[in-house]
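# Chains, contacts and geometry: an overview
Here is how the chains run, residue by residue.
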Amino acid sequence: MRSATRRTIRRTTTRATRAAARAWASRTPTERTAITDVSIAAAVLLPSLVALPAGGTHLLGLRFATLLLAGVLLVARRRMPWLALLAASVATLLDYSSRLTMMAASYAVAVYQRRFRTFVLLLPVLLGILYSLDVPPDDRLDLDGLVAFTADVLLPALTGLAVRRQRSYGRAVRRGNRIVDGLIESTADLAVERERARLARDLHDGIGHQLSIAALYAGVLEQRAAGDERLTAPARTVQDACAGAAHQLSGVLGVLRGQGGTAERTDPRGSVTELVHSLRAAGVDVRFATARGPAVPLPHETALTVFRIAQEALTNALKHAPGARVDVTLDEDGTGDTLTLRVVNGPARHPSWGAPSSGLGLRGMRERARACGATLATGPLPEGGFAVRLDVPVPDRPGDGLSGLPRDQSADTPAPNQGEKR
């Protein structure tokens with residue numbers, strides 16, 4: 001029976017505590033401060049009110065009014081601590097049982113007074129001395145009483161000063177930490193900017209130089225093979241590819257140098273179409289299908305991701321499946337919430353021509369897709385060949401997931417056999 005009663009009491013107490021915690025958490029900071037101030041003032045004032053009749057009926061009304069005024073001023077002690085101290089000192093001199101109010105007010109002066117001055121704490125002591133001189137001998141404070149009265153003023157004040165200094169020290173430490181964090185962040189940003197500038201210089205001096213040489217040799221080849229369309233067409237294709245690579249390199253250099261990218265929205269179907277046409281002009285059997293609907297505006301970085309993944313998928317098809325037909329589709333799904341890119345190549349018809357492979361193609365495509373919130377699926381086809389599917393959510397509308405393509409591999413799982421070579 002007793003154990004059941006204890007469990008009931010414990011359960012009730014737990015529920016009440018949780019309800020009080022939820023109610024307290026729902027309050028605003030201003031409401032919490034007001035409730036705290038009223039509670040402290042009531043806790044200090046209540047014992048003094050209970051002990052007030054014990055002092056007799058002499059000046060009972062004045063003592064009660066003064067004590068009540070001191071309690072009200074204790075509620076506003078954060079704004080007017082010195083005024084609360086004066087009222088509490090008078091109430092304590094009239095009835096020494098009210099000294100708790102004076103002690104609380106003295107602590108408040110030391111903690112909340114904006115410009116703390118020692119003479120503020122000496123005012124109650126001075127009032128005590130004057131009170132001892134002016135009142136009848138029977139009501140005067142003796143030396144022991146005056147010392148106790150002074151101790152009731154100074155000891156809480158010393159405690160408040162210690163708390164005030166601790167809070168000031170904490171604020172100074174937090175302010176210093178913010179300054180140090182800002183300096184560390186600024187130093188890190190400066191180091192990043194320097195590294196990006198170095199990378200931009202290296203790219204410009206290295207890759208930019210090689211692209212210029214390739215374009216120059218292609219131009220020379222076109223001039224020497226004038227009239228032979230079998231040589232001039234590939235030479236023009238090489239020149240166009242070099243020009244496109246140089247343009248893209250210029251954009252990368254601008255980002256590295258802190259010039260940022262464009263905030264405009266573009267339709268990636270145009271750039272993918274140009275990419276397919278350039279490969280078709282070079283003799284690659286590539287088919288491209290896209291709906292003739294309205295443009296699908298995507299952020300510049302997202303549109304660039306679609307183009308890069310299409311470019312990488314086509315490059316992988318050329319390297320690992322020479323002579324195979326490649327089908328490229330780029331269109332919205334039925335709901336218009338997702339733009340889907342598919343690159344599917346059949347099995348190789350010719351031996352691989354030994355193009356170098358870094359093994360980072362699929363990993364790079366996954367990272368690009370993940371960065372723009374897209375979903376990438378890659379994997380071999382049952383009849384041979386390889387498929388890549390990218391689902392890009394259209395801005396301001398929820399995107400859909402994968403559907404339809406072989407689900408052997410996900411965006412985070414490399415395809416077997418050919419997967420890691422691409």
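Read on for a plain summary of the structure.

Rules of the game
- Residues numbered from 1 in each chain as written.
- Predicted model: local features only at pLDDT ≥ 70, side-chain atom pairs only at ≥ 80, totals over all residues.
- Heavy atoms only, no water.
- Axes fitted to C-alpha atoms, helices over the stretch in contact; angles between N-to-C directions.
- Helix = DSSP H or I, 4+ residues; strand = E, 2+ residues; numbered from the N terminus.
- Parallel < 35°, antiparallel > 145°, perpendicular 65-115°, else oblique.
- Left-handed = near helix turned anticlockwise from the far one by under 90°.
- Contact = heavy atoms within 4.5 Å.
- Buried < 20%, exposed > 50% of the residue type's maximum accessible area, 1.4 Å probe, protein only.
- Patch = residues over 30% accessible without salt bridge, like charges linked within 9 Å, V, L, I, M, F, W, Y side chains within 5 Å.
- Areas by Shrake-Rupley, 256 points an atom, 1.4 Å probe, with all protein chains shown as cover.
- Salt bridge = Lys/Arg side-chain N within 4 Å of Asp/Glu carboxyl O.
- Lys, Arg positive; Asp, Glu negative; His and termini not counted.
- Charge placed at Lys NZ, Arg CZ, Asp CG, Glu CD.
- Pairing = 2+ DSSP bridges.
- Core = buried A, V, L, I, M, F, W, Y, C linked by side-chain atoms within 4.5 Å.
- Nonpolar A, V, L, I, M, F, W, Y, C, P; charged D, E, K, R; others polar.

### As for the packing of helix α10 (residues 300-320) against helix α11 (residues 361-371)
Packing of α10 against α11 leaves a shortest axis separation of 10 Å and a crossing angle of 165 degrees. What the angle tells us is that α10 and α11 run roughly antiparallel. Relative to α11, the crossing made by α10 is left-handed. Residues Thr305, Arg308, Ile309, Glu312, Ala313 and Asn316 of α10 pack against Gly361, Met365, Arg368 and Ala369 of α11.

### Quick look at the environment of Ala348
Locating Ala348 in the fold gives a position in the loop between β5 (338-345) and α11. Exposure remark for Ala348: the relative accessible area of 42% places this residue in the partly exposed category. The sequence separation of Ala348 and Gly385 amounts to 37 residues, and the corresponding C-alpha distance is 7.3 Å. Leaving out residues up to four positions away in the same chain, Ala348 has contacts with His320, Ala321, Pro322 and Ala324.

### Here we look at a positive patch on the surface
A contiguous patch of positive charge on the surface is contributed by Arg6, Arg7, Arg10, Arg11 and Arg15. Considering the arrangement of structural elements, one finds Arg10 in helix α1 (residues 2-25).

### Points about the pattern of salt bridges
All told, the structure shown has seven salt bridges when counted by the stated rule. Arg78 serves as the salt-bridge partner of Asp37, at 2.9 Å between the closest nitrogen and oxygen. One end of the pair, Asp37, is in helix α2 (residues 29-51); the other, Arg78, is in the loop between α3 (60-75) and α4 (81-94), and 41 residues separate them in sequence. A salt bridge links Glu195 to Arg198; the nearest nitrogen and oxygen atoms lie 2.5 Å apart. In this pair, Glu195 and Arg198 are both assigned in helix α7 (residues 143-224), three residues apart and thus about one turn of the helix distant. One network of salt bridges, with partners in common, ties together Asp37, Arg77 and Arg78.

### Observations regarding the sheet that holds β5
Here we have five strands laid out as an open sheet, ordered β2-β4-β5-β7-β6, and mixed in their pairing. Pairing within the sheet leaves two strands with one partner each, and these edge strands are β2 (286-289) and β6 (375-380). Adjacent strand axes in the sheet meet at a mean angle of 10 degrees when their direction is disregarded. Sheet analysis places β5 next to strand β7 (residues 386-393), joined by eight bridges and oriented antiparallel. Looking at the pairing, Arg342 lines up with Arg389 of β7. Contacting β2, β4 (326-332) and β5, helix α9 (residues 268-281) runs over the sheet at an angle of about 160 degrees to β2. Each of β6 and β7 touches α11; the most contacted strand, β6, lies at about 155 degrees to it.

### Quick notes on the nonpolar core
Grouped together as the largest cluster of nonpolar side chains are 32 residues, with contacts concentrated most on Val286, Ile309, Leu314, Val328, Leu341 and Leu390. Elements that contribute at least two residues to this core include exactly α9, α10, β4, β5, α11 and β7. At eight residues, α10 tops the list of elements feeding residues into this core. Sequence-distant contacts of Leu314, that is, excluding residues within four places in its chain, are made with Leu275, Leu279, Val286, Val326, Val328 and Val343. Counting residues in hydrophobic clusters, the runner-up holds 15 residues, among them Ala70, Ala87, Ala88 and Phe149.

### Focus: the packing of α2 against helix α5 (residues 99-112)
Interhelical geometry of α2 versus α5 gives an angle of 155 degrees and a closest axis separation of 8 Å. Judged by the inter-axis angle, α2 sits roughly antiparallel to α5. Judged by residue contacts, Val44, Leu45, Pro47 and Ser48 of α2 engage Leu100, Thr101 and Ala104 from α5. Considered class by class, the residues forming the contact of α2 with α5 number five nonpolar, two polar and no charged.

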